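Chain residues, written in single-letter form:
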Amino acid sequence: MSGFLAEGNGRDPEDNASLISVQSVKPGPDTLSQLVRRLRALTLTLLPLEVEPSSITEPTSRIITPQVVSAFRAAAGDFTEALPYCLLRARAEFMWDADNNPADYGENLARATACEVLARRIVHLTEPGRIKDIMSKRFKHRQIDGDESEMSSALEMAIDQHCTIFLSSSEAQDIVNALWSGELVQKNNKHNDIDYVVYEDTRDRTFWGHFDPSRLGVPRYQNIFRIVVWLFFLVVYSQAVREPLEKLNDSHRGLDEWEVVLYFMSLSFILEDTLLLTAFSLRIMGLSSPPDKEAAYRLHSFQILSFVAPFIWNSLNAELVTVFDGFKYIGTMQICVARMLKESGIFFALLSVLAIGFAQGLYALDAADGSTEPPSTVLNLLVQALLQAPDYGRFSASPAGLMLYYLWSAVTAIVLLNVLISLFSSAYSDVVEDAEAQYLAFFASKTVSMIRAPDSYVYPAPFNLLETFLVAPLETNKPYSGRFFPNLRLSEKNYAKVNRWVMSIVFFVPLCIIALCESTFDSRRHVWMESWFRGDNEGEQDSPASRNPIVDDPTCQGLEISRVPFEELIKVFPNTGQSMETTIINEIQDVKRQLEVLMNKLGEIQGEK
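A quick note: this is a predicted structure, and the numbers were derived from the prediction, not measured.

(A) Main features of the nonpolar core. Counting residues in hydrophobic clusters, the biggest one holds 64 residues, and the most contacted among them are I56, L155 and F166. The element that contributes the greatest number of residues to this core is helix α7 (residues 105-124), accounting for nine residues. The contacts of F166, once residues within four sequence positions are left out, are L88, E116, A119, R120, V123, M135, A154, A158 and A172.

(B) Representation of the pattern of salt bridges within the structure. For the structure on display, the rule yields eleven salt bridges. One salt bridge connects E116 with R91, and the closest N-O pair in it is separated by 3.0 Å. Note that E116 is positioned in helix α7 and R91 in helix α6 (residues 83-100), a separation of 25 residues in sequence. For E116, a relative accessible area of 4% gives the class buried. Given a relative accessible area of 11%, R91 falls into the buried group. Between E148 and K140 there is a salt bridge, with the nearest N and O atoms lying 3.5 Å from each other.

(C) Layout of the packing of helix α11 (residues 170-181) against helix α13 (residues 219-240). The N-to-C vectors of α11 and α13 enclose an angle of 50°; their axes lie 5 Å apart at closest approach. Comparing the axis directions of α11 and α13 gives the class oblique. Residues L179, W180 and S181 of α11 form the contact with α13, whose participating residues are P219, R220 and N223. The residue makeup of the contact of α11 with α13, split by class, is three nonpolar, two polar and one charged.

(D) Highlighting the UniProt feature "transmembrane region" (unreviewed entry) in the protein. According to UniProt, the "transmembrane region" (unreviewed entry) feature falls on residues 223-240, 260-283, 295-313, 346-365, 404-424 and 501-521. For residues 223-240, the helix share is 100%, the strand share is 0%, and the end-to-end C-alpha distance is 26 Å. Annotated as residues 346-365, this span is 100% helix and 0% strand, and its ends, taken at the C-alpha atoms, are 29 Å apart.

(E) Structural context of the side chain of T126. By secondary structure assignment, the location of T126 is in the loop between α7 and α8 (128-136). Exposure remark for T126: the relative accessible area of 10% places this residue in the buried category. Here I122 takes part through its backbone oxygen, which lies 2.8 Å from a polar atom of the side chain of T126. When sequence neighbours within four positions are dropped, the list of residues in contact with T126 reads I131 and I134.

(F) View of the environment of S281. Its location among the elements puts S281 in helix α16 (residues 274-287). Remark: the alpha-carbon pair of S281 and S301, spanning 20 residues in sequence, is separated by 8.0 Å.

(G) The arrangement of the packing of helix α3 (residues 29-46) against α6 in detail. Where α3 contacts α6, the axes come no closer than 9 Å and their chain directions differ by 65°. Between α3 and α6 the crossing geometry is right-handed. Each of L32, L35, V36, L39, R40, T43 and L44 in α3 lies in contact with α6, whose residues at this interface are L83, Y85, C86, L87, R89, A90, E93, F94 and D97. Across the contact of α3 with α6, the residue classes tally to eleven nonpolar, one polar and four charged.

The rules behind these values
Residues numbered from 1 in each chain as written. Predicted model: local features only at pLDDT ≥ 70, side-chain atom pairs only at ≥ 80, totals over all residues. Heavy atoms only, no water. Core = buried A, V, L, I, M, F, W, Y, C linked by side-chain atoms within 4.5 Å. Buried < 20%, exposed > 50% of the residue type's maximum accessible area, 1.4 Å probe, protein only. Helix = DSSP H or I, 4+ residues; strand = E, 2+ residues; numbered from the N terminus. Contact = heavy atoms within 4.5 Å. Salt bridge = Lys/Arg side-chain N within 4 Å of Asp/Glu carboxyl O. Axes fitted to C-alpha atoms, helices over the stretch in contact; angles between N-to-C directions. Parallel < 35°, antiparallel > 145°, perpendicular 65-115°, else oblique. Nonpolar A, V, L, I, M, F, W, Y, C, P; charged D, E, K, R; others polar. UniProt positions renumbered as here; feature names shortened; annotations may be inferred. Polar contact = N/O pair within 3.5 Å; in protein donor to acceptor, adjacent residues only side chain to side chain. Left-handed = near helix turned anticlockwise from the far one by under 90°.

See the structure below:
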């Protein structure tokens, strides 16, 4: 037992065994499930009662001590490379217990937090050469219904659970940044699984070595390409709606070139541009309709096209914000807006229930005299009152209706809107209080979402239409293979060649820019030169010469900096690596040892007498 609890820089036998197992052992779902259950048992023993999560997350926690971390590392035996994954899986189970058992929410929340903190501490203690394998190696576990889970890594599982503590660690961010910049890339292995490899290890550092269509799948380049496409799409849209009167002229009955490009690009964003497709459908219906109806269809098509403008600019704003989300303030703002929209669901749920009741009451009062207005009229009055523009004159002839309308206006303006403001304030404060960790978790989620379950050949929109209708049908193992080209089916090898040739031609200019930047301006190639000019990091210098410097200045003969040695100065420093409780316990132990020595001395003196 004392072996794994011993502190020091030497490698434990468990680490040696695990170092071999990284390359030779791939545990199955049942094995990992057994390890998860063992970790849960350890956590339940560690935290049998409720404790404050803050006492677990602090660096000098009295609960997550170095000895506890060592115990959990030893609990994995020869499978320490799967330990962070299993700890995060245990965290997910504790959070499920917390959400489904409100009476024990505090206890299970503390246990989930402990599992996450332990996963972070264990990754931090891992040798730098093994971090990539531990963070990105994908495993399966046995689900509660007996099925195997999907393949996932510790990094992916942390993102799915929004583990801000784990994702804000330097080790996790190093992997995320490597994935974002394309230094670490995915590679399909023979088991139809994904391995993460260093890209520079697979290519020469030359222009043609980096002229690789697969680089379009790098999150950084996907982000840039998407922004460029949206800017171009905005220009096309602005041109398509610039002259409404001219569009309705009989001499412009057909689709012009800007409309063709607009609707072609809209087809590539089909899920995001339903309104644009509606406008396109009306435009086509107008072209195929009699002259007396064509003008009406064209008018409605242009009206819908104009209505899309706020959504187009809002989408563009979302895309442009991603340009600057590398800055903490912009990224935090995105998180706040997303959290506020999520919290507003409670407001709209309450609003919808109240609106149904008031609408029913107002409609019934309107029908009391034997005649009714359309239901849309009542709905319009309710919306106007919600937007602080009530029309009280509509109910001047009905005192009951006026009172009911007064009540609706008061409830929405005083109660519901203040509830919404409180929800927004709570969401904002929750994000801002932990802004750094929240932003790092957001950036990790954004990066991994771009490469998770990736397409082997990435065709960014609108070029995904080219893949869908011309390239993908050539793949043999697709169910629709041969539909467009029934006599032409390609093997996996030839299909890969076709994709590479097509992507190299279509994306020739972007690939040239990427290859030029990576082969010429790659900062990693000049790290040695920068280090040579700048020297070591001044913030990390802690050499004997720095601790007790010697004055070698002719103008300061006989003067010294180190009159008091460094060792004497630090004797009065507190041990910030230990919690206050640990410090007190250590001092008590020292007093006990001194008393024991004193009692032994007294016993020897009495024996001599």
